[in-house]
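Structural features, examined
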Amino acid sequence: MRFNSIIYLTREGLKSIWNNWIMSLASTIVLVCCLFLTGSVILLSMSVNKTIGAIESKNTVTIHLNSSVSSEESEKIGKRIKEIPNIASCEFYSKEQAIQKYSQALGDLMEGLKGDDNPLPDAFHISMTDLSKYNETIRMLSELEGVESIGDRRDVAKRLTEINNIIHYVEIGVILIFALVALFIVSNTVRLTMYGRRLEISIMKSVGATNLFIRIPFIVEGVTIGLFSSFVAIALLKLLSNVILKVLQRLVPFTSIVFDGINLNMTLFFLLAGISSGFIGGVISIRKYLRKEGGKIIAL
Amino acid sequence: MIEFKKVSKEYSNGICAVKNINLNIQKGEFVFILGPSGAGKSTLLKLITREESPTSGDLIVNNMDVFFLKNRQIPYFRRTMGIVFQDFRLINKMTVFDNVAFAMRVTGASERAIRSRVPYVLSLVDLADKERFRPTELSGGEQQRVGLARALVNNPDLVIADEPTGNVDPSLSFEIVELLSKINHQGTTILMVTHEHDLVARFNKRIVEIQEGRIVSDVYEAKLANEA
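The paragraphs below set out a description of the structure included in this document.

1. Observations regarding the sheet that holds strand β3 (residues 30-34) of chain B
Residue and element names in this part refer to chain B.
- Judged by pairing direction, the sheet is mixed, and its six strands sit side by side in the order β6-β7-β8-β3-β9-β10 without closing on themselves. Strand pairing shows two members of the sheet lacking a second neighbour, β6 (81-84) and β10 (214-218), which therefore form its edges. Here the average twist between neighbouring strands, direction ignored, is 20 degrees.
- The strands touched by helix α5 (residues 140-152) within the sheet are β6 and β7 (158-162), with β6 carrying the most contacts at an inclination of about 165 degrees.

In structure tokens, the structure reads:
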């Protein structure tokens, strides 16, 4: 195909978007919604995955002491902890430090809970050398006198993994459903354009246009709508992730929640999803049309 | 140029539109296909353009056996012919120039070739001064001449005119056929489908009459027989 034909056909495809602007706008909105919702689920799944990874990699365990344990006793417990094999580090974390951290996050809510009214226990943050001896080390720690409970973040990770598995199923379902919806919407838009241009198509056929020549403007139309929709969806997701990040930073600064927002891979995925839904939608509808009505020349 | 050998066409609904037709049209001929509505004229054209394929028999058009044409060959096959429609089939949002150029663009012609060929073809149909007009600004006769220019722009060996005078003023019908005749004199084969007996009678051309899917008379052949 000649270069000037490609330019001509691309121009025709773009003109068609403008000429059918209502349908183009409608399909852009639906496509943006599909991509946005799909992206939200992917973003959620990615964040949960990262959070799990972060929790697991930290291998930090918090040992809460009884409220009756004095500061001298705490020191002794600290020494005993350090004597346990497999302990890499052991750091004392006083109840005052804990309440201060909560106060930073929750502000006035923690007023009146300082000093003697502080309900939080003293604690030790420990890390291990060898994670394969995790269970054994936990057992030895729990047997120490004065230890009230062990805050095992692995439980959180385990629970998050369970949640993440569910999110994965939802993610696959959402992607499948929205992919179908996107294809349906784009192919319908292109099909309507085709019916609007059936006179041109019959003339093209009568003067010997190849199917590829007839298809290109419709594919250009579908791909442009898909591409534009993916840009809008990325912008919206970026906006959403920024808002979520800010809220998370304000609400739970001391947690291990990781929220990366949109990265390059995800941007590329979106562009690819938009382009391919436009391309496949366009190809499907024009193929169907050319097989049925599109072959008519003499009598329309 | 066109050869029907025992060609029949039966549609999936059981209607047999063309029955065992034998017809031979030589290069450079002007042939009227005459017949009432439902006689099978349109099916005949659909077979020639390979919009439909014959149920049985052989059909050779421009040295190609239509029956054995592959789908990807059909566009190139159609480039050897030009089609003029009863309803003109012009794109109203395009100018006269662009309507004619459209037929060249779909075959991948360069802009340079288009700029040189289109004005020439428009001058052939006496529309050189109307190339910037839109079809809605033209009379029925002029619109059909644009249709004819479009059919001619790719320099086809064969022009098929499907009731080209059906939508124009009777006084202009003669003018359209005369124009086709002029093109025929330059060597292009013309096949014109019509049901207007009076119009056909005014031209000394071969007339093939079809009724109920069969050829009932072929005046050219009859003339030859008389001469013999």
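From this point, the narrative continues.
2. So, the packing of aromatic side chains
Residues and elements named next belong to chain B.
- For the structure on display, the rule yields seven aromatic pairs over all chains.
- For the pair F67 and F68, a centre-to-centre distance of 5.4 Å together with 85 degrees between the ring planes defines the contact as edge-to-face.
- F68 sits in the exposed class, given a relative accessible area of 59%.
- Through pairs of rings, three or more aromatic residues link up here, namely F30, F32, F174 and F203.
- It is R89 that lies over the ring of F85; its NZ or CZ is 4.1 Å from the centre.
- Across from the ring centre of F97, 5.3 Å away, lies the NZ or CZ of R132, which sits over that ring.

3. Topic: unusual backbone geometry
All names here are of chain B.
- Even without a glycine there, the phi angle at K6 is positive, about 50 degrees.
- The topology assignment puts K6 in strand β1 (residues 2-10).
- K6 gets classed as exposed once you look at its relative accessible area, which sits at 54%.
- A positive phi is found at R50, a non-glycine position, where the angle reads about 65 degrees.
- We classify R50 as buried; its relative accessible area is 14%.

4. Focus: the layout of surface pockets
- Looking at the second largest pocket, its volume works out to about 540 Å³.
- Those elements giving two or more residues to the lining of the second largest pocket turn out to be α8 (211-251) and α9 (264-291) of chain A together with α2 (74-78) of chain B.
- Residue contributions to the lining of the second largest pocket peak at four residues, all from α2(B).
- Split into classes, the residues belonging to the lining of the second largest pocket amount to six nonpolar, five polar and 11 charged.

Conventions and cut-offs
- Residues numbered from 1 in each chain as written.
- Chains lettered and ligands numbered in written order.
- Predicted model: local features only at pLDDT ≥ 70, side-chain atom pairs only at ≥ 80, totals over all residues.
- Heavy atoms only, no water.
- Pairing = 2+ DSSP bridges.
- Helix = DSSP H or I, 4+ residues; strand = E, 2+ residues; numbered from the N terminus.
- Axes fitted to C-alpha atoms, helices over the stretch in contact; angles between N-to-C directions.
- Contact = heavy atoms within 4.5 Å.
- Phe/Tyr/Trp six-rings, centres within 6.5 Å; stacked < 30°, edge-to-face > 60°.
- Buried < 20%, exposed > 50% of the residue type's maximum accessible area, 1.4 Å probe, protein only.
- Lys NZ or Arg CZ within 6 Å of the ring centre and 35° of its normal.
- 1 Å grid on protein atoms, 1.4 Å probe; cavity = no way out; pocket = protein on both sides within 12 Å on 5 of 7 lines; lining within 4 Å.
- Points joined across faces, edges and corners; volume = space filled by probe spheres on them.
- Nonpolar A, V, L, I, M, F, W, Y, C, P; charged D, E, K, R; others polar.

That is the geometry; function is a separate question.
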